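Structural overview for review
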Amino acid sequence: MAEVIGVRFKDLGKIYYFDPVGKKPNNGDLVIVETSRGIECGEVALENHEVSEDQIVFPLKKMIRIATKEDKKHLEKNKKKEKEALKICEKKILEHKLSMKLVDVEYTFDNSKILFYFTSDGRVDFRALVKDLASVFKTRIELRQIGVRDEAKMLGGLGVCGKPFCCSSFLGEFQPVSIKMAKDQGLSLSPTKISGTCGRLMCCLKYEEDAYIDMLKHTPKVGAIVKTPLGRGLVVESNLLSSTLKVKMDNTPNDAAPQTFKVKDVKIIKDGYIKVNKQELEELKDLE
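Note that the coordinates shown come from a computational prediction; the quantities given were computed from them, not determined experimentally.

1. Some remarks on the pairing of strand E10 (residues 231–239)
- The pairing of strand E9 (residues 225–228) with E10 spans 4 bridges and is antiparallel. If you follow Lys227 over to E10, its bridge partner there is Arg232.
- Connecting the antiparallel pair E9 and E10 is a turn made up of 2 residues.
- Pairing geometry for E10 and strand E11 (residues 244–249), over 6 bridges, is antiparallel. Following the sheet pairing, Ser238 is matched in E11 by Leu245.
- From the end of E10 to the start of E11, which pair antiparallel, there are 4 residues, and Ser243 there has a positive phi angle of about 55°.

The structure is reproduced here in structure tokens:
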């Protein structure tokens, strides 16, 4: 076991472990730490606690100090410099006629490097841009291409539900979301219905997936053959939340309306199955 503190460098970013070297900072305190990319300032997200060594990435970096007033002033200066760097880089991108969208700029605490985050539909040859920026800022330059989900997390905004993006308000890390989750939940596979502002599948599809999987274990699926109080029939519609089924009865005319039953009142003879066909996957692959 080793004593660590958890530090994050961005709002709702990933938490990294550091050796507190005997100090006990409080949650929310800013601390100066040694990282693989230099000296950085982060916020304590987890106070001193012990974790097993298999949860630690060695060598465990050390906390240098709790941030002083001077450190905080330096941090504010960096924030102002980042805004200026953003404008300069956007101008340089136009000059070099590069197909890329600048999203954010970040100075390392010790000013040893400036990171420029951007999105692009494809690969970008930004070598000339890096040289140009290095000549302006006289420090190391790193251009980092990010995905549209990361862009949404950085910029924030309101989702289709009217609330702030999950990724920018409480999600620390993205969870994998698949087309099958939308199928499991009986949602329309229209891209406008199941995708977020970022253009990818909505993160909230993940939240209730376990509950839907559990309900599907006890609910006949569309295509299932079931025995009902009125006889045998074929399930043509299933509502998991209300636990009801619409069943096309074998003993009624073809044009007769389906009968509605509670799940508890029917018995499965042969269950159906949920299938995402290749055509659907091909049409919606860019959403995942």
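2. Side note on the packing of aromatic side chains
- Counted by the stated rule, this structure contains 5 aromatic pairs.
- With a centroid separation of 5.7 Å and an interplanar angle of 80°, the aromatic rings of Phe118 and Phe126 are classed as edge-to-face.
- We classify Phe118 as buried; its relative accessible area is 1%.
- An aromatic cluster is built from Phe9, Tyr16 and Phe18, whose rings are joined through pairwise contacts.

3. Description of the pattern of salt bridges
- This model, assessed by the stated rule, comprises 13 salt bridges.
- Of the charged contacts, one joins Asp71 and Arg65 as a salt bridge, the two residues approaching to 2.9 Å between their closest N and O atoms.
- The class of Asp71 is buried, set by a relative accessible area of 7%.
- Note that Glu142 is salt-bridged to Arg144, the shortest N-O span being 2.6 Å.

Conventions used here
Residues numbered from 1 in each chain as written. Predicted model: local features only at pLDDT ≥ 70, side-chain atom pairs only at ≥ 80, totals over all residues. Heavy atoms only, no water. Pairing = 2+ DSSP bridges. Helix = DSSP H or I, 4+ residues; strand = E, 2+ residues; numbered from the N terminus. Phe/Tyr/Trp six-rings, centres within 6.5 Å; stacked < 30°, edge-to-face > 60°. Buried < 20%, exposed > 50% of the residue type's maximum accessible area, 1.4 Å probe, protein only. Salt bridge = Lys/Arg side-chain N within 4 Å of Asp/Glu carboxyl O.

Purely spatial values, then, with no claim about function.
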